[in-house]
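Architecture at a glance
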Amino acid sequence: MLPIQAIRAELVQACAGHNRVIVTAPTGSGKSTRVPGFLADEVLPGGGQVICLQPRRLAARMLARRVAVERGAALGGEVGYRVRFDWRMGAATRIVYETDGILLQELRRDSDLRRVGAIVFDEFHERHLFGDILLGLALTLQAAHRPDLKIVVMSATLETAPLEQFLAPCVRVQAGGRCYPVDIRHHAARPARPPPVWEQAAQAWAQSRALAGGGHTLIFMPGAHEIRRTVSALRLAGAPAQRIFPLYGDLTPAAQDAAVAPDRAPKIIVATNIAETSVTIDGVTLVIDSGLARRAGYDPEHGINTLLVEKISRAAAEQRAGRAGRTAPGVCLRLWPAAEHEHRPAAEIPEVARLDLSEVVLSLRALGVADLAAFRWVETPAAERLRYTEEFLKEIGALRPSDGAVTALGRRLLDFPVHPRWGRLLLTAADYGCVTEAALLAALAQERGMLAPAGAPAAAPRRGRRQGSLRQSDLDREIRARREELADPEWESDLLLRLHLWQAAAAEKFSSAVCGGLGLHAGACRRVEEMRGQFLRIAGRLELPGAAAAGGGAPAVSILKCLLAAFPDQVARRVSAGSARVELVHGRRGSLAPESAVRHAALLVAPEIRRLEARRGEIETRITLASAIAPEWLEELFPESIASRRRVEFDPVQRRVIARNDLFYHDLAIAAGRAEKPSADEAAGSLAAEVLAGRLVLKQWTAAAEQWVLRLNCLAGWRPELGLPAIGPDERRHLIEQICHGACSAGEIKDRPVMPTLRAWLSAGQQELLDKYAPERIKLANGRVFKLTYEAGQAPVFSARIQELYDAPECPTIALGKARPRVMILAPNHRPVQITDDLASFWRAGYQQARKELRGRYPKHEWR
């Protein structure tokens, strides 16, 4: 019996008597499959749907299938599911497994959720973004209009105190788990250069497969790429190919079902973190954990998506290990040292703190949330993140610039179950007559696995002139040649190239041979076809012009303008011809991916920018999708963001100052005007900036000139009542500009005199005060004169041999007694003996010691 059955009566009683309930139960206890049924059968027998929210599409589909079987119902009848672009449900459906984004869309259509009797937030401990938002919205709805609405929050963790406080008043019901002991073993210390993680996993399986004891092996990898490599490595290690099952979100439903289906024969499932909690796989007795996960994130300051392979938390590691002990005692092999484990974070960072908030903010605004800071967040995002998000939504026209209210365009964007960018793309495409191409573009941009990387195994293209297998290098060359044939000769674009490649594959019904010859994954191409169809159906439902047309004839210019409309904040300019480095709008920098088809375009739009882990653990901003654009498109689409600005700068090649009236898009120069001669003031300012930065030199600004400035600043600090004008950074820039005035080039200023300009800073009377109270030289009582060296924040210093100080009992003061110079007392060989501003003390004590040490070495010198 499932552990959740043991608390059925307690749970039903809690849900019947309270509208907010927390259910804590370990993974595998049956809460995901049974609790929605308890609610439908015993808490809401008179009607009302039970919505069970899942953070992943795969989990929603699989749970619905499993529950339908357990209840003896047809999928889509009493039990159904709804995920993006896919649903199986009808008028009689009582229990619905759906992703949280679907419920958010329904809230916009029916703000009271009249058909819903209960919402179950499953796997809430994972803290997915839309789950957090929907919980806040559900609590608001319950308090305002639906006091009868049941809210059940389910979590696999027992750390529920913050959640109980957030949901108060609420009750908590706890179930036990069926967990057998799991022997956790860590790798030894990592070698200096460890092999790839898939090779480590395959080696661990080969050495430890007997530990499975006839059960299944579950291997955790960070993503689809690593899963594919692991499958290949396992085959090389001797695992039978027919017993290896990958499991990740982009697989077909049939492939996913095969991975989790009951099986008496031992099998190896290689999965992403989807197998941590969302999906239970019976019969696993050996877990091999890479300790890694590929996590999406968002850097709001730079407007960049991140997709990094990161170490999982200790909590996630425990969840993974527990998979080995559901049906029998098991073993978990962790591919990292035990000493490293304690340094991992205790839990995962909630998505609300690390993902793009655009869809959330637009949805909340549309639902009437005027004050985002006052919304009932489970964890409130930083105010700066919310500000960046609202600025982006205003930029694409979704929010009104004046008050942040949702515009008519913004409400139309919400009809698309995708990021607002792609909705903006499709709506713009309706104006340019290319909706079918835009739908394909949007689908292509979201399918990352369509292009096979260079060197990846691919089906050999059909070639009648040569038989036999081709070497991988030959395949790579042929694939590159085919891609160059299909590239647009006028407009470089990674997405247009993918569009043409996909169309070539579609013409041959995505046959493996044709896809292999083009360097495409056939399965990914079919997923693009399905997603494209969904976009077109939505466009048709919204009656966008051209949504039903066959497409294929729209000019590249129209398609790329639509792309630009969706990404106005990701415009970039190449730093120089032939360089991969780019400058982006809003002061960002990055580089084009080496495999990008955009080789020459000076101005481009970057639909995908990621911060990726580079060599030696460094993080690099990489443009992974780009398309060429023209400056006039920005003027056409965003005239309010275009301005002509005069730019004056020093040209390091010509070594002179030039001026241009450049065209700017926000803060990014997109078109350079003709070079012209700058005004005298402009040139002086630019040359002064170069001097201050150390890139140009004024030869006459010598140590003597710097000492003059230090004398003035020291005296002004010692005796402010004299009213002397000190020279700070701004004053120094002004003086250098005066020196450079009338010049335009480096050659014209290098030998210009400096001291006349410095002396002119003071009046004759002020110069007299400077020479009197902060003199260049000081005269001692014995008549000797020494040059003073001034230092900022200290008394000046002079150097003198001991014999030169005889008959000088003390150093005189300067600055009307405010400062006493220091003397660096030198031995006869001019090496320092002591630095002091108290000569009298030196004569009393220090001199006798110095004479004792030096007299024998320098007998010819006078020693008193």
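What counts, and where the lines are drawn
- Position numbers for residues start from 1 in each chain and track the written sequence from start to end.
- Note on the predicted model: pLDDT of at least 70 is required for a residue's local features to be given, and 80 or more for side-chain atom pairs to be given and counted; whole-chain, interface and lining totals, by contrast, use all residues.
- Based on all heavy atoms of the structure, the side-chain values leave hydrogens and waters out of the count.
- Where helices and strands are cited, they refer to DSSP runs of H or I of at least four residues and of E of at least two residues respectively, numbered from the N terminus.
- The globule rule used here is 2.2 Å times the number of residues to the 0.38 power, and the radius of gyration it is set against is calculated over C-alpha atoms.
- Remark: exposure states derive from per-residue accessible area (1.4 Å probe, protein chains only) relative to the maximum for the residue type, with buried under 20%, exposed over 50%, and partly exposed in between.
- By the convention used here, residues are in contact when the closest approach between their heavy atoms is within 4.5 Å.
- For accessible areas, the Shrake-Rupley method is used with a probe of radius 1.4 Å. Any residue's cover is judged against the shown protein chains and nothing else.
- In summary, the charge assignment counts Lys and Arg as positive and Asp and Glu as negative, without counting His or the chain termini.
- Every charge is mapped onto a representative atom, which is NZ of Lys, CZ of Arg, CG of Asp or CD of Glu.
- Definitions used throughout: a 1 Å grid over protein atoms alone; a cavity as a set of points that fits a 1.4 Å probe which cannot get out; a pocket as an open set with protein on both sides within 12 Å along at least five of seven lines; a lining residue as one with an atom within 4 Å of a point.
- Grid points are joined across faces, edges and corners, and a volume is the space filled by probe spheres set on the points.
- Lys, Arg, Asp and Glu make up the charged group, whereas Ala, Val, Leu, Ile, Met, Phe, Trp, Tyr, Cys and Pro make up the nonpolar group; the residues left over, Gly among them, are polar.
- In plain words, nonpolar cores are sets of buried Ala, Val, Leu, Ile, Met, Phe, Trp, Tyr and Cys residues tied together by side-chain atoms within 4.5 Å.
- Paired strands, as defined in this entry, are two strands with at least two bridges between them according to DSSP.
- Axis definition: a line fit to C-alpha positions, over the contact stretch in the case of helices; interaxial angles, taken between N-to-C directions, run 0 to 180 degrees.
- One confidence number per residue, pLDDT, is output by the predictor and ranges from 0 to 100.
- Throughout this description, any angle smaller than 35 degrees is read as roughly parallel, any larger than 145 degrees as roughly antiparallel, any in the 65 to 115 degree range as roughly perpendicular, and the remainder as oblique.
- It is the rotation of the near helix from the far one that decides the hand of a crossing: anticlockwise by less than a right angle makes it left-handed, clockwise makes it right-handed.
- Definition used for salt bridges: Asp or Glu carboxyl oxygen within 4 Å of a side-chain nitrogen of Lys or Arg.
- Only rings of Phe, Tyr and Trp enter the pairing, Trp through its six-membered ring, and a pair is recorded when the two centres are within 6.5 Å. The plane angle decides the type: under 30 degrees is stacked, over 60 is edge-to-face, the rest tilted.
- Geometrically, a lysine NZ or arginine CZ counts as sitting over a ring once it is within 6 Å of the ring centre and also within 35 degrees of the ring normal.

Another aspect to go through is the overall build of the protein chain. Looking only at helices and strands, the protein chain has 29 helices and 29 strands in total. In terms of C-alpha radius of gyration, the protein chain reaches 37 Å, well past the compact-globule figure of 29 Å for 864 residues. In the protein chain, which comprises 864 residues, the share counted as buried stands at 52%. Put simply, of all contacts in the protein chain between residues at least 6 apart along the chain, 68% involve residues at least 24 apart. Only carbon and sulfur atoms are counted for the fraction: they give 50% of the accessible area of the protein chain, which is about 38700 Å². Distance from the positive charge centre (116 side chains) to the negative charge centre (98 side chains) of the protein chain: 5 Å.

A separate point is empty space enclosed by the protein. The final tally for this structure, using the stated rule, is one cavity of 30 Å³ or more. Of the volumes computed, that of the largest cavity is approximately 90 Å³. The wall of the largest cavity is formed by Leu53, Gln54, Pro55, Asp100, Phe121, Asp122, Glu123, Phe124, Arg127, His128 and Gly131. Classifying every residue of the lining of the largest cavity by side-chain character gives four nonpolar, three polar and four charged.

Turning to the nonpolar core, a few remarks are in order. Grouped together as the largest cluster of nonpolar side chains are 128 residues, with contacts concentrated most on Phe121, Leu135, Ile623 and Leu634. Among residues more than four places away in sequence, those in contact with Leu634 are Leu564, Val571, Leu603, Ile629, Pro639, Ile642, Tyr665 and Ile670. In this structure, Trp701, Trp718, Ile727 and Ile802 belong to the second largest nonpolar core, which totals 61 residues.

Right, let's get into the sheet that holds strand E9 (residues 182–187). Overall, parallel pairing links the six strands, which are arranged E9-E16-E13-E10-E12-E11 in an open sheet. Edge strands, defined here as strands with exactly one partner in the open sheet, are E9 and strand E11 (244–247). Geometrically, the sheet is characterised by an average inter-axis angle of 15° between neighbouring strands, direction not taken into account. Judged from the four bridges that link them, E11 and strand E12 (residues 268–271) form a sheet pairing that is parallel. Along E12, the bridge assignment pairs Leu247 with Ala271. Strand contacts of helix H7 (residues 197–208): strand E10 (216–220), E12, strand E13 (284–289) and strand E16 (330–337), with the helix running at about 140° to E16, the strand carrying the most contacts. Contacting E9, E10, E13 and E16, helix H10 (residues 314–322) crosses the sheet at an angle of about 145° to E16.

In this section: the confidence of the model for the protein chain. Looking at the protein chain as a whole, the pLDDT averages 89, with 95% of positions reaching at least 70. Scored below 50 in pLDDT, residues 458–469 makes 22 contacts in the model with residues more than four places away or belonging to other chains.

As a further point, take the sheet that holds strand E4 (residues 86–88). Reading across from one edge, E4-E3-E5-E2-E6-E7-E1-E8 is the order of the eight strands in this open sheet, with mixed pairing throughout. Edge positions in the open sheet fall to E4 and strand E8 (171–174), since each of these has one partner strand only. This sheet shows a mean twist of 20° between the axes of neighbouring strands, independent of strand direction. Examined bridge by bridge, strand E3 (residues 79–83) and strand E5 (residues 95–99) share four bridges and lie parallel to one another. When the sheet's bridge partners are listed, Val79 is paired in E5 with Ile95. Its contacts with the sheet put helix H4 (residues 100–109) on strand E2 (49–54), E3, E5 and strand E6 (116–121), and the angle it makes with E5 is roughly 105°.

The contact between helix H5 (residues 129–144) and helix H12 (residues 358–366) brings their axes to 10 Å, and the two run at 20°. Considering their axes alone, H5 and H12 lie roughly parallel with respect to each other. Regarding H5 and H12, the two cross each other, and that crossing is right-handed. In this structure, H5 uses Leu129, Phe130, Ile133 and Leu137 to contact H12, whose residues at the interface are Glu359, Val360 and Leu364. Residue composition of the contact of H5 with H12, grouped by class: six nonpolar, no polar and one charged.

We now examine the pattern of salt bridges. When their charged atoms lie close together, side chains carrying opposite charge are able to pair. Throughout the structure, instances matching the rule amount to 47 salt bridges. The closest approach of N and O atoms between Arg127 and Glu379, which form a salt bridge, is 4.0 Å. One end of the pair, Arg127, is in the loop between E6 and H5; the other, Glu379, is in the loop between H12 and helix H13 (383–395), with 252 residues separating them in the sequence. Among the salt bridges present, the one from Asp569 reaches Arg421, with a minimum N-O distance of 2.8 Å. A residue pair is termed long-range when its members are at least 10 positions apart, and Asp569 in the loop between helix H21 (556–566) and strand E17 (571–574) and Arg421 in helix H15 (residues 420–432) qualify at 148 residues.

Time to look at the environment of Arg647. Turning to its location among the elements, Arg647 is positioned in strand E22 (residues 642–651). Spatially, the C-alpha atom of Arg647 lies 9.7 Å from that of Leu663, the residues being 16 residues apart in sequence. Discounting chain neighbours no more than four positions away, the residues touching Arg647 are Ile658, Ala659, Arg660, Asp662, Phe664 and Ala669.

Quick look at the packing of helix H23 (residues 680–692) against helix H25 (residues 729–740) now. For the pair H23 and H25, interaxial distance at closest approach is 8 Å and the crossing angle is 120°. With respect to their mutual orientation, H23 and H25 come out oblique. As for how H23 packs across H25, the hand of that crossing is right-handed. Side by side, H23 and H25 meet where Ala684, Gly685, Leu687, Ala688, Ala689, Val691 and Leu692 of the first sit next to Arg732, Arg733, Ile736, Glu737 and Cys740 of the second. Its residues assigned to classes, the contact of H23 with H25 comprises eight nonpolar, one polar and three charged.

Right, let's get into the pairing of E5. In terms of residue burial, E5 counts as a mostly covered element, since five of its five residues are buried. As paired elements, E2 and E5 share five bridges and run parallel to each other. Paired with Ile51 across the two strands is Val96, which belongs to E5.

How two aromatic rings sit relative to each other is set out by the distance from centre to centre and by the angle between their planes. A full pass over the atoms with the stated rule returns 13 aromatic pairs. Measuring from centroid to centroid gives 6.1 Å for Tyr806 and Tyr847, while their planes differ by 85°, and the two rings are edge-to-face. Of this pair, Tyr806 sits in the loop between strand E27 (797–801) and strand E28 (822–826) while Tyr847 sits in helix H29 (residues 839–854); the two residues are 41 residues apart in sequence, bridging distant segments of the chain. Residue classification places Tyr847 among the buried positions, given a relative accessible area of 4%. Over the ring of Phe245 we find Lys267; its NZ or CZ atom is 5.1 Å from the centre of that ring.

As paired elements, E17 and strand E18 (residues 581–584) share three bridges and run antiparallel to each other. Along E18, the bridge assignment pairs Arg574 with Val582. Linking two consecutive strands that pair antiparallel, namely E17 and E18, is a turn of six residues; a positive phi of about 85° is found at Gly578 within it.

Attention shifts here to the environment of Gly76. Here Gly76 is to be found in the loop between helix H3 (57–70) and E3. Taking C-alpha positions, Gly76 is 8.3 Å from Trp87, a pair spaced eleven residues apart along the chain. For Gly76, the contacting residues outside a window of four places in its chain are Arg88, Met89, Gly90 and Thr93.

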